[in-house]
Amino acid sequence: MLSPIFEVKNLVHSYGAQIALKVDHLTVEKGEIIALVGPNGAGKSTLLKILGLVEKPTSGEIFFKGKPARPFSQVSRKISLLPQQPFLLKRNVFDNVAYGLKIRKIRDKQILREKVYKALELVGLSPEEFARRPWYALSGGETQRVALACRLALEPEVLLLDEPTASVDVYSAQLIKRAVLKAHNLWNTTVLIASHDYAWLDEVPHKTWHIFKGHIFTDEINFIWGPWQIVDGKAIKQFRDGQKLVFNAPYKNIDNPVAIIESAKINITFSPKKVGLKMIIKQVNSEINFRELKIVVSLEDISLNFKIDEDLVKKYELWPGNPVYIELPGQVDWI
Amino acid sequence: MGYITEGIIKAFELLITFDPETYSAIEATLKVSSYSMAASLAIGIPLGFCLGFYEFPGKRSVRTIVDTLLALPTVLIGLLVYALLTQKGPLGKYGLLFTLKGVAIGQAILALPIVIALTATAVESLDRNLRITLLSLGVNRFQLLLTCLWEARFGILTAAVAAYGRVLTEVGISLMVGGNIKWHTRTITTAIALETSKGQFAMGIALGLVLLTIALLVNLSLSFLRKRC
């Protein structure tokens, strides 16, 4: 059996006393597209930097195709990270894109030109127009696309993208998304994307991982933020419309606790339940699995998502705007 | 005010007529500043790069010392180098006192803190994303250092220009270590000091203008070089 492209074991990364990331075990298979979702400061960028071998974890091990992977090792040339803030070297676009190829000892001018031009075309930039442009004569979106072209020129086995569409216009974002998918289709590149572009993330990835407070959740989960009142071993969240949510309180003291509920444990019912809420259907999205639809329900500041059979949606008319009763498990995890 | 006009006319006259004394001072100035700059850049750029790039215990103290040395008076350097090179001094056997090489040693000491401090500042002010970008493109350790140095090239060029300006215009070291010997160690600045003490203001101004012309030519070439990079 082939080893996973990435395997992470007992990884801890801290900045001073603050633990930024803690992963007991994690694997990524070749050719997967994985979305990393989570609030700012959750640990997404840290995970990408560590997998991209640009930062060494405080402790723990990373394996690439079964072999230990470290910064400056040979395997680091097969992985490429596009950081959150695009950065170009103080040289023209051609030389920027050619840089990674040159350090890989590709010196033949014809090959360099072919690879650079192909990468620029992939990100929707005309080579004739942009190749000789200096680094300072590019817009934000163009800079981001050139930065992506620098990575695509290397035909990486793994492409790690840290919010690639966060600071660009819709047009550039569209071209970036298209280029990433093309790279995946051309070279079966494994792609990990941290992004807040939920429409894109709903559409493209094979898997979604949630990152919160430095922990990674590989199952479909939902977060319910506080404030929680802790009374007699119960955690209570009061809503403005008079509804209450009551769970068993966290067994240890946690600052600003957040409840975690697996999507698989959420059910739609047609009458109020002991642990549940009356919520409004906000979205019904199609999934890669044609028979299932993703339902998003919300109440005030919380929203929950889970999958449901297409026939049930039709039968009970679960359309956006309709109220539904949601049954939740009494026992939840806390973070 | 007549001195200034007279000085400008005299400057042209000296240059156009290839006045041997003036050209000897120009040659001495160019030679000594080239030696001192070559030495200070060769030593100062790697040291400045290390100071700016790496984190090590005592880095802040080293930085404070280097910054303090920026204010080193030329007469103090002149005195120290004189003491080292004089016959009774530890380096007296090499016979460098009252030679251009001796002056160059003093000027290199003058330029070194400038090159180190400004190179370190240029490297420190490199974007923190540069390192992440280079690592994400697969550089090895040597390529990382080399590319960071190249990315700091404009700052390092500024360091060289600032150091050259200081070396070209100093008079204390040249006078004390060189001895202002005609046809031998007389530089433009020591010649100006001499002409002024003789009351030959026009000649002094003329030599001053020649010095400024050299500085202009050097800066023009560096500016051209900057555009090419």
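Since we're looking at a predicted model, the values are computed, not measured.

## Let's talk about the overall build of chain B
The number of helices and strands found in chain B is eleven helices and zero strands. Ordered by position in the sequence, the α and β elements of chain B form the string α-α-α-α-α-α-α-α-α-α-α. For chain B, the computed accessible surface area is about 11,900 Å², with 70% contributed by carbon and sulfur atoms. Charge centroids of chain B, computed over 19 positive and 12 negative side chains, lie 8 Å from each other.

## Some remarks on the UniProt feature "domain: ABC transmembrane type-1" (unreviewed entry) in chain B
Here, UniProt's "domain: ABC transmembrane type-1" (unreviewed entry) annotation points to residues 26-222 of chain B. Between the C-alpha atoms that bound residues 26-222 of chain B there is a distance of 20 Å. The span itself is 77% helix and 0% strand.

## Points about unusual backbone geometry
One non-glycine residue with positive phi stands out, namely A:Asp232, at about 50 degrees. With respect to the helices and strands, A:Asp232 occurs in the loop between strand S12 (229-231) and strand S13 (234-238). You will see that B:Trp183, though not glycine, has its phi angle at about 65 degrees, which is positive. Summarising the element assignment, B:Trp183 is placed in the loop between helix H9 (172-178) and helix H10 (188-197).

## Let's talk about the packing of helix H1 (residues 2-16) of chain B against helix H11 (residues 201-228) of chain B
All names here are of chain B. Following both chains from N to C, one finds H1 and H11 inclined at 60 degrees, their axes separated by 7 Å at the closest point. Considered as vectors, H1 and H11 are oriented oblique to each other. The handedness of the crossing between H1 and H11 comes out as right-handed. Only Phe201, Ala202, Met203, Ile205, Ala206, Leu209 and Val210 of H11 make contact with H1, whose side of the interface consists of Tyr3, Ile4, Glu6, Gly7, Ile8, Lys10, Ala11, Leu14 and Leu15. Broken down by class, the residue content of the contact of H1 with H11 amounts to 13 nonpolar, one polar and two charged.

## Focus on the domain arrangement of chain A
All names here are of chain A. Domain annotation for chain A reports domain 1 (6-217) and domain 2 (221-334). For domain 1 versus domain 2, the distance between C-alpha centres works out to 34 Å. Each side of the interface is counted separately: domain 1 has six residues, and domain 2 has eleven residues. Between domain 1 and domain 2, a total of about 740 Å² is buried, with carbon and sulfur atoms accounting for 62% of that surface. Counting the surface domain 1 buries against domain 2, the share from its top three residues, Asp202, His210 and Phe212, is 57%. Between the two partners, domain 1 and domain 2, sit zero salt bridges. Inspection of the domain 1/domain 2 interface yields one residue pair in polar contact (both at pLDDT 80 or more). Of the residues assigned to the side of domain 1 that touches domain 2, the class counts are three nonpolar, one polar and two charged.

## Digging into the nonpolar core
A general tendency of soluble globular proteins is for nonpolar side chains to be buried together. Ranked by size, the top nonpolar core spans 88 residues in total, and within it A:Phe6, A:Leu36, A:Val97, A:Leu148, A:Leu152 and A:Leu192 carry the most contacts. What A:Leu148 contacts, discounting residues up to four positions off in sequence, is A:Leu82, A:Val123, A:Leu159, A:Leu161, A:Ile176, A:Ala179 and A:Val180.

## Focus: the sheet that holds strand S14 (residues 244-248) of chain A
Residue and element names in this part refer to chain A. Taking strand neighbours across the sheet as the criterion, the three strands line up as S12-S13-S14 in an open arrangement whose pairing is antiparallel. Among the strands making up the open sheet, the edge pair consists of S12 and S14. If you compare each strand with its neighbour and ignore which way they point, the axes differ by 30 degrees on average. Sheet topology places S12 next to S13; three bridges connect them, and they run antiparallel.

## Some details on the pattern of salt bridges
By the definition in use, this model includes 21 salt bridges over all chains. With a closest N to O distance of 2.9 Å, A:Lys177 and A:Asp197 form a salt bridge. A residue pair is termed long-range when its members are at least 10 positions apart, and A:Lys177 in helix H6 (residues 170-187) and A:Asp197 in the loop between strand S8 (190-194) and helix H7 (198-203) qualify at 20 residues. For the pair formed by A:Lys177 and A:Asp197, the shared burial category is buried. Here B:Glu21 ties to B:Arg186 by a salt bridge, and the two come within 3.6 Å at their closest N and O atoms. Linking B:Glu21 in helix H2 (residues 20-53) with B:Arg186 in the loop between H9 and H10, this pair joins segments that are 165 residues apart in sequence.

## With respect to the packing of aromatic side chains
Applying the stated rule across the entire model yields 14 aromatic pairs over all chains. Ring geometry for B:Tyr82 and B:Phe98: centres 6.1 Å apart, planes at 75 degrees, overall edge-to-face. Taken together, the positions of B:Tyr82 in helix H4 (residues 74-85) and B:Phe98 in the loop between H4 and helix H5 (100-124) put the pair 16 residues apart, joining distant regions of the chain. Chaining the aromatic ring pairs together yields one cluster made of A:Phe212, A:Phe217, A:Phe223 and A:Trp225. One cation-aromatic arrangement involves B:Arg153 over B:Phe154; the distance from NZ or CZ to the ring centre is 4.8 Å.

## A look at the UniProt feature "transmembrane region" (unreviewed entry) in chain B
Residues and elements named next belong to chain B. Mapped onto this structure's residue numbering, the UniProt feature "transmembrane region" (unreviewed entry) falls at residues 35-54, 66-85, 105-123 and 201-225. Between the C-alpha atoms that bound residues 66-85 there is a distance of 24 Å. The span itself is 80% helix and 0% strand. The distance from the first to the last C-alpha atom of residues 105-123 is 26 Å, and the span holds 100% helix and 0% strand.

## Quick look at the packing of helix H5 (residues 140-152) of chain A against H6(A)
Two numbers describe a pair of packed helices, the interaxial angle and the distance between the axes. Residues and elements named next belong to chain A. As a packed pair, H5 and H6 sit with axes 10 Å apart at the nearest point and diverge in direction by 10 degrees. By the angle class used here, H5 and H6 are roughly parallel. Here Gly141, Gln144, Arg145, Leu148 and Leu152 of H5 come into contact with H6, specifically with Tyr171, Ser172, Leu175, Ile176, Ala179, Val180, Ala183 and Trp187.

## Examining the confidence of the model for chain A
When pLDDT is averaged across chain A, the result is 88; 98% of the residues are at 70 or more. Predicted confidence in chain A is weakest over H7(A), with a mean pLDDT of 75, and strongest over helix H2 (residues 93-102) of chain A, with 96.

## Quick word on the interface of chain A and chain B
Listed by partner, the interface residues are 21 residues for chain A and 20 residues for chain B. Summing both sides of the interface, chain A and chain B together bury roughly 2,100 Å²; the carbon and sulfur share of this comes to 57%. Of all residues in chain A, A:Phe72, A:Phe87 and A:Lys90 bury the most surface against chain B, accounting for 35% of the area lost on that side. For the pair chain A and chain B, the interface holds one salt bridge. For the salt bridge of A:Arg91 with B:Glu151, the shortest nitrogen-to-oxygen distance reads 3.7 Å. Across the contact surface, chain A and chain B share eleven residue pairs in polar contact (both at pLDDT 80 or more). In terms of residues, the side of chain A that touches chain B owes the most to one element, strand S6 (residues 79-82) of chain A, which gives three residues.

Criteria and thresholds
- Residues numbered from 1 in each chain as written.
- Chains lettered and ligands numbered in written order.
- Predicted model: local features only at pLDDT ≥ 70, side-chain atom pairs only at ≥ 80, totals over all residues.
- Heavy atoms only, no water.
- Helix = DSSP H or I, 4+ residues; strand = E, 2+ residues; numbered from the N terminus.
- Areas by Shrake-Rupley, 256 points an atom, 1.4 Å probe, with all protein chains shown as cover.
- Lys, Arg positive; Asp, Glu negative; His and termini not counted.
- Charge placed at Lys NZ, Arg CZ, Asp CG, Glu CD.
- UniProt positions renumbered as here; feature names shortened; annotations may be inferred.
- Axes fitted to C-alpha atoms, helices over the stretch in contact; angles between N-to-C directions.
- Parallel < 35°, antiparallel > 145°, perpendicular 65-115°, else oblique.
- Left-handed = near helix turned anticlockwise from the far one by under 90°.
- Contact = heavy atoms within 4.5 Å.
- Nonpolar A, V, L, I, M, F, W, Y, C, P; charged D, E, K, R; others polar.
- Domains from an automatic or database assignment.
- Buried area = accessible area lost by both parts, 1.4 Å probe.
- Salt bridge = Lys/Arg side-chain N within 4 Å of Asp/Glu carboxyl O.
- Polar contact = N/O pair within 3.5 Å; in protein donor to acceptor, adjacent residues only side chain to side chain.
- Core = buried A, V, L, I, M, F, W, Y, C linked by side-chain atoms within 4.5 Å.
- Buried < 20%, exposed > 50% of the residue type's maximum accessible area, 1.4 Å probe, protein only.
- Pairing = 2+ DSSP bridges.
- Phe/Tyr/Trp six-rings, centres within 6.5 Å; stacked < 30°, edge-to-face > 60°.
- Lys NZ or Arg CZ within 6 Å of the ring centre and 35° of its normal.
- pLDDT = per-residue confidence, 0-100.

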